[in-house]
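One-letter residues, chain by chain:
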Amino acid sequence: MGYRETYESWLNNPYFDEATRAELQAIAGNEKEIEERFYMDLEFGTAGLRGVIGAGTNRMNIYTVRKATQGLANYICKVGAQAKGVAIAYDSRHMSPEFADEAALCLAANGIKAYVFESLRPTPELSYAVRKLGCTAGINITASHNPPEYNGYKVYWEDGAQITPPHDTGIMDEVRNVTDYASVKTMPLEEAKADGLYQTIGADIDDPYIAELKKLVLHQDCIDKVASELKIVYTPLHGTGNLPVRRVLKELGFTNVYVVPEQELPDGDFPTVSYPNPEAAEAFALGLALGKKVDADLILATDPDADRLGVYVKDAQTGEYHSLTGNMSGCLIGDYVIGQRKELFGLPEDGAFIRSIVSTNMADAIAAYYEIDLIEVLTGFKFIGQKILEFEETGKGTYLFGMEESYGCLPGTYARDKDAVAASMMLCEAAAYYKTKNMTLWDAMLAMYERYGYYKDDVTSITLKGIEGLAKIQEIMNTLRENAPAEIGGYKVTAVRDYKLDTITDTAAGAVRPTGLPKSNVLYYEMTDGAWVCVRPSGTEPKVKFYLGVKGTSLADADAKSEALSKAVHALIDTMM
Ligand SMILES: O=P(O)(O)OC[C@H]1O[C@H](O)[C@H](O)[C@@H](O)[C@@H]1O
């Protein structure tokens, strides 16, 4: 069926409600809008479904949520796992509680029990809940850090990680097979509750989740010593982090936690930012102002579903605040966790540090220093979760830390998705630890540069929306795939990794070897002097991303090299636009 016919069928099918029909009638003369909304079904990307809220097959609405859930229910029944139920959470976005209930009632109508959080909760807590309740699967209604017009649907499997093969393809196939919206099952809420198929969860999960986080603490002694001197500014950016982050910090003894008042309460309009993403400088405007006012040691921001953490730290020498990228904060936390674990208990022989292929090489230097394994996975924290499961199943490998450049890390295995509540806690603990050594977190960062090398990494994204945008992104990938650059910014390309073709080609010798990872549309250029560039379409936003990294001889040298390489990457992009 073409997009026009699908549009007509939604307009005329009595299954769809009045509001949906009215919304669709209102765009009757707008062919482009009709095409955007109906040319495809929303598809699973890096982290599940993500789309603009509205009527249409390519939008997030109760019908597409039900359809996805019916597909999930069919898959669960197919593998005979319906007895264990599904945990469901949601964030502060528009329609999040409604979509959560739609999903729960569809599962219930399929005979699968749903455990639904009573109010908004972070993504990592949902991951924890799946494990704690022994569920088959989990659903989180969130579009993470996307702009306010978006919502999304993350799916977890029984280990608590987001779905990877074979479950992801199995579920997607089942979702695709649901072609008639009217065939999707649902039932009234009261009936589902009476049948024991809808159970509300809350404090019964919050309490053990917070207890798990507190078990990760390595130096309560340091916290006890200096917590009252540390000043922490925190913003949940109108999302789910507010209660758990404050709770865990308070329970550990951090007394000076200042929450940005304008961003404290949940609000799906995210009225103080255009984009609730701690990667974006604007997310810190209010936090920085408050930080300067109270003379904070560190400023933390979590995204709406509290899986990403952004950080600013104070430089005691200059009084300035430095922004830490996800690579920097990930390494700071990872180095602290691994280093202190070594001091206190020693490290397991098969300990591993896991990072995505687009994350910093400083992680490799940290792993080498502690003589542990460094494991690379594709982008998506689900692949880090998958590795932890593999360690458990094979008995080979001990998870020590996992991180991604996209502002996410996980310091334990109680959950299988990145956890900004735990990351906030660990960073505050690290700040306390370093304070007992008369160091700030910035001093600790400088010490890491000294020890591991001056690694500097950056990412540039080009937003290309809609059908044409998608085509342009493919064109860029094709152009680069067919004409690999011989040099970028004066660095010679020494090897080209093409993760789609599963090849690593040594440019000098011409030798080709496999990447060792699943196929994915990613191109990676290894270059001289430890520099690199990587290109891939985002799986969560309409963007193509250019990542880059350099290694300098000093901070100033790394900054200069990074800036120069970034310019060269922009010039390369310009040739393709
Ligand atoms: O680059 P993208 O495909 O947009 O993904 C960027 C990030 O998005 C989400 O936050 C996922 O949970 C991460 O695992 C992923 O790294």
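What you see is a predicted model, and the numbers here were worked out from it, not measured in a lab.

1. A short note on the domain arrangement of the protein
Now for step 1: Domains assigned within the protein are domain 1 (1-38), domain 2 (40-201), domain 3 (213-324) and domain 4 (454-574).
Now for step 2: Taken over C-alpha atoms, the centre of domain 1 sits 24 Å from the centre of domain 2.
Now for step 3: Summing the contributions of domain 1 and of domain 2, the shared interface buries around 1,100 Å²; its carbon and sulfur component is 55%.
Now for step 4: Of all residues in domain 1, Trp10, Tyr15 and Arg37 give up the largest surface area on contact with domain 2, accounting jointly for 54% of the area buried on that side.
Now for step 5: For Arg59, the salt bridge identified is with Glu33, shortest N-O distance 3.9 Å.
Now for step 6: Counting every contact that joins domain 1 to domain 2 gives nine residue pairs in polar contact (both at pLDDT 80 or more).
Now for step 7: When residues of the side of domain 1 that touches domain 2 are traced back to their parent elements, those giving at least two are helix 1 (3-12), helix 2 (18-25) and helix 3 (31-38).
Now for step 8: In terms of residue count, helix 3 provides more of the side of domain 1 that touches domain 2 than any other element does, four residues in total.

2. Remarks on the nonpolar core
Now for step 1: One finds Phe254, Leu298, Leu300, Phe353, Met362, Tyr414 and Leu441 to be the most contacted residues of the largest nonpolar core, which totals 103 residues.
Now for step 2: Looking at this core element by element, the count peaks at 13 residues for helix 16 (residues 420-436).
Now for step 3: Leaving out residues up to four positions away in the same chain, Leu300 has contacts with Ile232, Val233, Tyr234, Thr235, Phe284, Leu309, Gly310, Val311, Ser424, Leu427 and Cys428.

3. What about the pairing of strand 4 (residues 137-141)?
Now for step 1: Within strand 4, five of the five residues are buried, which leaves it mostly tucked inside the rest of the structure.
Now for step 2: Alternating positions in strand 4 separate into two faces, Ala137, Ile139 and Ile141 on one and Gly138 and Asn140 on the other, with burial throughout.
Now for step 3: Direction of pairing for strand 2 (residues 86-90) relative to strand 4: parallel, over a ladder of five bridges. Opposite Tyr90, over in strand 4, you have Ile141 as the bridge partner.
Now for step 4: Bridge count between strand 4 and strand 5 (residues 150-157): five bridges; the pairing is antiparallel. Its bridge partner lying in strand 5, Ile141 is registered against Tyr153.

4. Let's talk about the pattern of salt bridges
Now for step 1: Tallying each qualifying case throughout the model produces 38 salt bridges.
Now for step 2: As a salt-bridge pair, Arg246 and Glu264 come within 3.0 Å of each other at their nearest N and O atoms. Taken together, the residues span a long stretch of sequence, with Arg246 in helix 11 (residues 242-252) and Glu264 in the loop between strand 8 (257-259) and helix 12 (285-294) at a distance of 18 residues.
Now for step 3: A residue is classified by how much of its surface remains accessible, and Glu264, at 23% relative accessible area, is partly exposed.
Now for step 4: Here Arg308 and Glu279 are joined by a salt bridge, their closest N and O atoms 2.7 Å apart. Taken together, the residues Arg308 in the loop between strand 9 (298-302) and strand 10 (309-314) and Glu279 in the loop between strand 8 and helix 12 connect sequence positions 29 residues apart.
Now for step 5: Look at Arg308 and you get buried, because its relative accessible area is 6%.
Now for step 6: What you see here is one network of salt bridges that share partners, running through Glu23, Glu33, Arg37 and Arg59.

Scoring rules and cut-offs
Every chain is numbered on its own, with residues counted from 1 as its sequence reads. The predicted origin of the model limits local features to residues at a pLDDT of at least 70 and limits the giving and counting of side-chain atom pairs to 80 or more, whereas totals for whole chains, interfaces and linings rest on all residues. Side-chain numbers here rest on the full set of heavy atoms in the structure, without hydrogens or water. All domain edges in this entry derive from an automatic or database-based domain assignment. Note on definitions: buried area is the accessible-area loss of two parts on being combined, 1.4 Å probe, summed for both. In what follows, salt bridge is the name for a side-chain nitrogen of Lys or Arg lying within 4 Å of a carboxyl oxygen of Asp or Glu. N or O atoms within 3.5 Å of each other form a polar contact, as long as, within protein, one can give a hydrogen and the other can take it, and as long as residues adjacent in sequence are counted only when both atoms are side-chain atoms. Per the convention used, a helix needs a DSSP run of H or I reaching at least four residues, while a strand needs a run of E reaching at least two, with both numbered from the N terminus. Residues belong to one nonpolar core when they are buried, are Ala, Val, Leu, Ile, Met, Phe, Trp, Tyr or Cys, and are joined through side-chain atoms within 4.5 Å. Between buried and exposed lies partly exposed: a residue is buried under 20% and exposed over 50% of the maximum accessible area for its type, with that area taken using a 1.4 Å probe on protein chains only. By definition in these notes, contact holds between two residues if any of their heavy atoms fall within 4.5 Å. Only when DSSP finds a minimum of two bridges between them are two strands counted as paired.

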